[in-house]
Amino acid sequence: MNVSFHSPAPRTAISGSKAHRQSKQHGLEDMELDGDHEDGANGSGVKASTLHVVTPGEVITNDTAFMRGHGTYIENEKVVSSVAGVVDRVNKLISVRPLHTRYTGEIGDVVVGRITEVAQKRWKVDVSARQDAILMLSSINLPGGVQRRKQESDELQMRSFFMEGDLVVAEVQAFFGDGAYSLHTRSLKYGKLRNGTFISVPPALVQRCKSHFHSLACGVDVILGLNGYIWVSAHVPQNLDEIDTELVYSNKNKEDITPRDRESIARVGNCIRALADEFIFINDTIISFAYEASLQYKLKDMNKKEIMHAIATEATTAVDNMKG
Amino acid sequence: MPSLISPSERDYILKGIECNIRADGRQRPDYREVILETGVISQTSGSARVRLAGGTDVLVSVKADIGPVLVDPETGEGADKGQIICNVECAPSASQQFEGRGADELNNELTQMMTRFLSHNTTTLSTPSSTTPSSTGAPNNNGAGGINLSKLCIIPGEQCWILYVDALVLDYGGNLVDAVFMGTRAAIFDTRIPKTEVQDLGDGNFDFEVLDDAEDTEVVEGREDMPICITLNKIGARHIVDASPLEELCTEAKLVVAVNRSGELCGLQKGQDGGIEPSLLLEMIQFGKTLGQTLIKQLDAKIKAEAEADTIKRQNGQPVVKLGFFAQ
């Protein structure tokens, strides 16, 4: 057995380039939200270059000259924060950047989601957004790739396509009137997820890029959902012509996942966790570097805080060096 | 706390456990890192915060209060005993499932489990079949709970100390029970009860005074013999400790083993609807016992190290700063 006790420690920031770290520092230099900002007197307000952190319900300013932006509301003529986050000011507009956000999607985003409900001609999918996304029966491919209108018989066997709990990778197709996302899986790239493990990171850490499907050199496939849900799985040949279209809705994992594969998957998963723990943007390059950095440690030691920190540090340095 | 899992994930976890590689790279008997701090809430007699690296976050507080003794009307027992009143609450911020009345069942289960394991010899909840009384330890009024309740009595038949043990679950990342009990042990170790002075007023009347001096305090007697819990999750034909939320969803049967520092079984509770074969059950209990002993040893070492560091700081006149909620 293997157990260790630690004292809590303050976060130590990763030194080096801030390029891929989430540290926007703009707009903080001239922050003076005290009431007497007009005559420029030094009030007891926020001093330059300090982060102004607020909690929900905290009054940001009682000056009526300011306008309320995102994350704030007005109560008794005061601007009050509605989220926990950092105050951002652009001229007269005050907004609060939340520390923790839900996913806000755009059309064309690749997301990973979990089916939560089977309803009339549709599935509800948890994509870590404010409300469940919707996957219509009409926006999926039928097994075997038959092209036809969905009939009542299809409606009756919806659970044979996707069941509650199933993980899917899909694309945001449209928005509904109430802001819910409509997804589709009408491509062989999309569909049910198998042969691997699920990791959830803050959605802000996954950025939009050319491809969200990656095959790493270590024989592991990674799907980076823009909603912060990540699927790490054993490599399956991705030749779209060779996919058995009858099996797209199968629940069976492939038989030949070796312990080696499992170790690589766990290693990649732990790398992603280590990066997310340090709030580093997650993409295929940095995952590969983190994986290489992790090879010097034993797999079961990778849950240790200091090793996770070391891996993340090494990976960021490697990316910096590569960029010159 | 996810409530759903896909069949392929379940299969992947099951086979992973079979070949001793869990989804996060741990092996079956591996715990995650535990982050522990005692004395985090100044208003309490003792407190601790325990976090498991995967997210579970539990805050435990112990408050010593004076109240009337609880006498069993039938047996007349309890006149010379203090009380321990446990309460476990899952905050709705820990998981979506805990919102509204969602956590009620879990709160109840954990509260009753803690009451049973800590103050086993109070008459109300004794279930002799599930516990074996400690065979070592001098006077056997400590019961399986370890804590010497007689010591908590101030005036027999009248007043006693009541220890309110409150655990608040702030975040959920699997393996709640173990974290709650580790936190409780740490909080009880941190607890200081003021000394009392009893005066005999004659005619069988007694009065007492609580000494105000912060130096003049007592520790909870019998705290070393308190049990902690090891939760064993049976997945497939194997069992694992410190399950992650997804692993908990694959669990067929769960066995909570309460163990004290001498490796004695202080309590047992089975959860979930799957069955455990008799041979596996014995193996699991044995495994829980050995593991629990090691865990207690390391936990105690950590608690002791922290207490000593605090004492040294106090002696040198330095402020004892607790990071509390300002650390990761």
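Bear in mind the structure is a predicted one, so any value in this text is a computation, not a measurement.

*Asks:* Explain the overall build of chain A here, please?
*Replies:* Secondary structure summary: chain A contains five helices and 18 strands in total. Looking at the 324 residues of chain A, the share that counts as buried comes to 45%. Across chain A, every contact between residues at least 6 apart in sequence was considered, and the portion connecting residues at least 24 apart equals 62%. Looking at chain A as shown, the accessible area adds up to about 16,200 Å², and 50% of this sits on carbon and sulfur atoms.

*Asks:* I'm lost on the interface of chain B and chain A in this one. Help?
*Replies:* Frequently, the measure chosen for interface size is the accessible area removed from exposure when the parts meet. Counting residues at the interface gives 40 residues for chain B and 43 residues for chain A. Carbon and sulfur atoms supply 57% of the area that chain B and chain A bury against each other, a total of about 3,600 Å² over both sides. Between chain B and chain A we count one salt bridge in total. Seen at the junction of chain B and chain A, the total is 15 residue pairs in polar contact (both at pLDDT 80 or more). Elements with a contribution of two residues or more to the side of chain B that touches chain A: α1 (7-18), β1 (34-38) and α5 (278-315) of chain B. Pairing analysis gives two bridges linking strand β1 (residues 5-6) of chain A to β1 of chain B, with the strands arranged parallel. Bridging from a neighbouring strand, Phe-5 of chain A pairs with Val-34 of chain B of β1 of chain B.

*Asks:* What am I meant to see in the state of the cysteines here?
*Replies:* Here, the word disulfide means a covalent bond between the sulfur atoms of two cysteines. Residue and element names in this part refer to chain A. Under the counting rule described, the total for this entry stands at zero disulfides over all chains. There is no disulfide at Cys-271, and the cysteine sulfur nearest it, in Cys-218, is 8.4 Å away. Look at Cys-271 and you get buried, because its relative accessible area is 0%.

*Asks:* I keep staring at the packing of helix α3 (residues 259-277) of chain A against helix α4 (residues 284-294) of chain A and nothing clicks. Help me out?
*Replies:* How two helices sit against one another is set out by the angle between their axes and by the gap between those axes. Residues and elements named next belong to chain A. The interhelical angle for the contact between α3 and α4, taken along N-to-C directions, is 110 degrees, at an axis separation of 9 Å. It follows that α3 is roughly perpendicular to α4 by the angle criterion. As for the relative orientation of α3 and α4, their crossing is right-handed in sense. Across the interface between the two elements, Ser-264, Arg-267, Val-268, Cys-271, Ile-272 and Leu-275 from α3 touch Ile-286, Ile-287, Ala-290, Tyr-291 and Ser-294 from α4.

*Asks:* Whenever I open this one, the packing of α4 of chain A against helix α5 (residues 305-323) of chain A confuses me. Can you help?
*Replies:* Residue and element names in this part refer to chain A. Put simply, α4 and α5 touch, their axes get as near as 8 Å, and they point 125 degrees apart. What the angle tells us is that α4 and α5 run oblique. In this structure, α4 crosses over α5, and the sense of that crossing is right-handed. Residues Thr-285, Ile-286, Phe-289, Ala-290, Ala-293 and Ser-294 of α4 form the contact with α5, whose participating residues are Ile-311, Glu-314, Ala-315, Thr-316, Ala-318, Val-319 and Met-322. Per-class residue counts for the contact of α4 with α5 are nine nonpolar, three polar and one charged.

*Asks:* So what exactly am I meant to see when it comes to the nonpolar core here?
*Replies:* The tendency in soluble globular proteins is for nonpolar side chains to be buried side by side. Of all hydrophobic cores here, the largest spans 71 residues; its most connected members are Leu-163, Phe-181 and Met-182 of chain B. It is helix α3 (residues 176-190) of chain B that provides the largest number of residues to this core, a total of ten residues. Ranked by size, the runner-up nonpolar core spans 60 residues in total, among them Leu-135, Val-172, Leu-226 and Ala-312 of chain A.

*Asks:* Whenever I open this one, the pairing of strand β17 (residues 220-224) of chain A confuses me. Can you help?
*Replies:* Side chains on a regular strand alternate between the two faces of the sheet. Residues and elements named next belong to chain A. Across the five residues of β17, five count as buried, placing the element largely inside the fold. Burial along β17 is two-sided: Val-220, Val-222 and Leu-224 facing one way and Asp-221 and Ile-223 facing the other are all buried. Relative to β17, strand β16 (residues 213-215) is paired through three bridges, and the arrangement is antiparallel. Looking at the pairing, Ser-215 lines up with Asp-221 of β17.

*Asks:* Teacher, can you tell me more about a nonpolar patch on the surface here?
*Replies:* Residue and element names in this part refer to chain A. Taken together, the side chains of Met-67, Val-90 and Leu-93 present a nonpolar region at the surface, about 260 Å² in accessible area. Looking at the element boundaries, Leu-93 is found in strand β8 (residues 93-98). Residue class for Leu-93 comes out partly exposed when judged on its relative accessible area of 33%.

*Asks:* For this particular structure, what's the right way to read the sheet that holds β17 of chain A?
*Replies:* Each strand in a sheet pairs with its neighbour through backbone hydrogen bonds, running either in the same direction (parallel) or in the opposite one (antiparallel). Residues and elements named next belong to chain A. Read across the sheet, four strands follow the order β15-β18-β17-β16 without closing on themselves; strand pairing throughout is antiparallel. Because the sheet does not close on itself, it has two edges, and the strands there are β15 (196-200) and β16. Strand-to-strand twist in this sheet, taken as the mean axis angle between neighbours without regard to direction, amounts to 20 degrees. With five bridges joining them, β17 and strand β18 (residues 229-234) adopt antiparallel strand pairing. Bridge pairing in β18 places Ile-223 opposite Trp-231. Against the sheet, α3 makes contact with β15, β17 and β18, and its axis sits at roughly 160 degrees relative to β18, the strand it touches most.

*Asks:* Can you walk me through the confidence of the model for chain A in this structure?
*Replies:* Note: predicted coordinates in regions of low pLDDT should not be interpreted at a detailed level. Residue and element names in this part refer to chain A. Residues of chain A with pLDDT of at least 70 account for 86%, and the chain-wide mean is 85. When pLDDT is averaged over each element of chain A, strand β13 (residues 181-184) comes out on top at 96 and β1 at the bottom at 86. Contacts of residues 17-48 to residues separated by more than four positions or lying in other chains number 60 contacts, the stretch itself having pLDDT below 50.

*Asks:* Whenever I open this one, the sheet that holds strand β4 (residues 67-68) of chain A confuses me. Can you help?
*Replies:* Strands sit in the order β2-β7-β8-β4 (chain A) across an open sheet of four strands; the sheet is mixed. Every interior strand has two partners, whereas the edge strands, β2 (53-54) and β4 of chain A, have only one.

*Asks:* Just to check I follow, could you spell out α5 of chain B for this structure?
*Replies:* Quick reminder: α-helices carry 3.6 residues per turn. Residues three or four places apart thus point the same way. A rise of 1.5 Å per residue sets the reference length of α5 of chain B, with its 38 residues, at 56 Å; its end C-alpha atoms lie 54 Å apart and thus fit the reference within 8%. At the C-terminal side of α5 of chain B, Gly-317 of chain B shows a positive phi close to 75 degrees.

*Asks:* Got a minute to help me understand the pattern of salt bridges in this structure?
*Replies:* Pairs can form between side chains of opposite charge once their charged atoms are near each other. Per the counting criterion, the structure on display carries 28 salt bridges over all chains. Beyond isolated ion pairs, a larger network of salt bridges with shared partners links Arg-22, Asp-24, Arg-26, Arg-32, Asp-242 and Glu-247 of chain B.

*Asks:* Is there a simple way to think about the confidence of the model for chain B in this case?
*Replies:* Mean pLDDT over chain B stands at 86; residues scoring 70 or higher make up 91%. Long-range and interchain partners of residues 122-141 of chain B, a stretch whose pLDDT sits below 50, account for 25 contacts in this model, where long-range means more than four residues apart.

*Asks:* Honestly, the side chain of Thr-38 of chain B in this entry has me stumped. Any pointers?
*Replies:* All names here are of chain B. Among the structural elements, Thr-38 can be located in strand β1. For Thr-38, a relative accessible area of 5% translates into the label buried. Those residues within four positions of Thr-38 in sequence are excluded, and the remaining contacts are Ser-47, Ala-48, Ala-186, Asp-190, Glu-306 and Lys-322.

*Asks:* Looking at this model, I keep getting lost on the side chain of His-184 of chain A. Mind explaining?
*Replies:* Tracing the backbone shows His-184 of chain A in strand β13. Those residues in contact with His-184 of chain A that lie beyond four places of it in its chain are Leu-135, Ser-139, Ala-170, Glu-171, Gln-173 and Tyr-190 of chain A.

*Asks:* It is not clear to me how the environment of Gln-296 of chain A should be interpreted in this structure. Could you clarify?
*Replies:* Residues and elements named next belong to chain A. Here Gln-296 is to be found in the loop between α4 and α5. The exposure class of Gln-296 is exposed, given its relative accessible area of 52%. Between the C-alpha atoms of Gln-296 and Ile-311, which are 15 residues apart in sequence, the distance is 9.7 Å. Looking at Gln-296, its side chain comes within polar contact range of the main-chain oxygen of Ala-293, at 3.2 Å. Within the local environment of Gln-296, its side chain forms a polar contact with the side chain of Glu-314, the two groups lying 3.3 Å apart.

What counts and how
- Residues numbered from 1 in each chain as written.
- Chains lettered and ligands numbered in written order.
- Predicted model: local features only at pLDDT ≥ 70, side-chain atom pairs only at ≥ 80, totals over all residues.
- Heavy atoms only, no water.
- Helix = DSSP H or I, 4+ residues; strand = E, 2+ residues; numbered from the N terminus.
- Buried < 20%, exposed > 50% of the residue type's maximum accessible area, 1.4 Å probe, protein only.
- Contact = heavy atoms within 4.5 Å.
- Areas by Shrake-Rupley, 256 points an atom, 1.4 Å probe, with all protein chains shown as cover.
- Buried area = accessible area lost by both parts, 1.4 Å probe.
- Salt bridge = Lys/Arg side-chain N within 4 Å of Asp/Glu carboxyl O.
- Polar contact = N/O pair within 3.5 Å; in protein donor to acceptor, adjacent residues only side chain to side chain.
- Pairing = 2+ DSSP bridges.
- Disulfide = S-S within 2.5 Å.
- Axes fitted to C-alpha atoms, helices over the stretch in contact; angles between N-to-C directions.
- Parallel < 35°, antiparallel > 145°, perpendicular 65-115°, else oblique.
- Left-handed = near helix turned anticlockwise from the far one by under 90°.
- Nonpolar A, V, L, I, M, F, W, Y, C, P; charged D, E, K, R; others polar.
- Core = buried A, V, L, I, M, F, W, Y, C linked by side-chain atoms within 4.5 Å.
- Patch = residues over 30% accessible without salt bridge, like charges linked within 9 Å, V, L, I, M, F, W, Y side chains within 5 Å.
- pLDDT = per-residue confidence, 0-100.
- Expected span 1.5 Å × (residues − 1).

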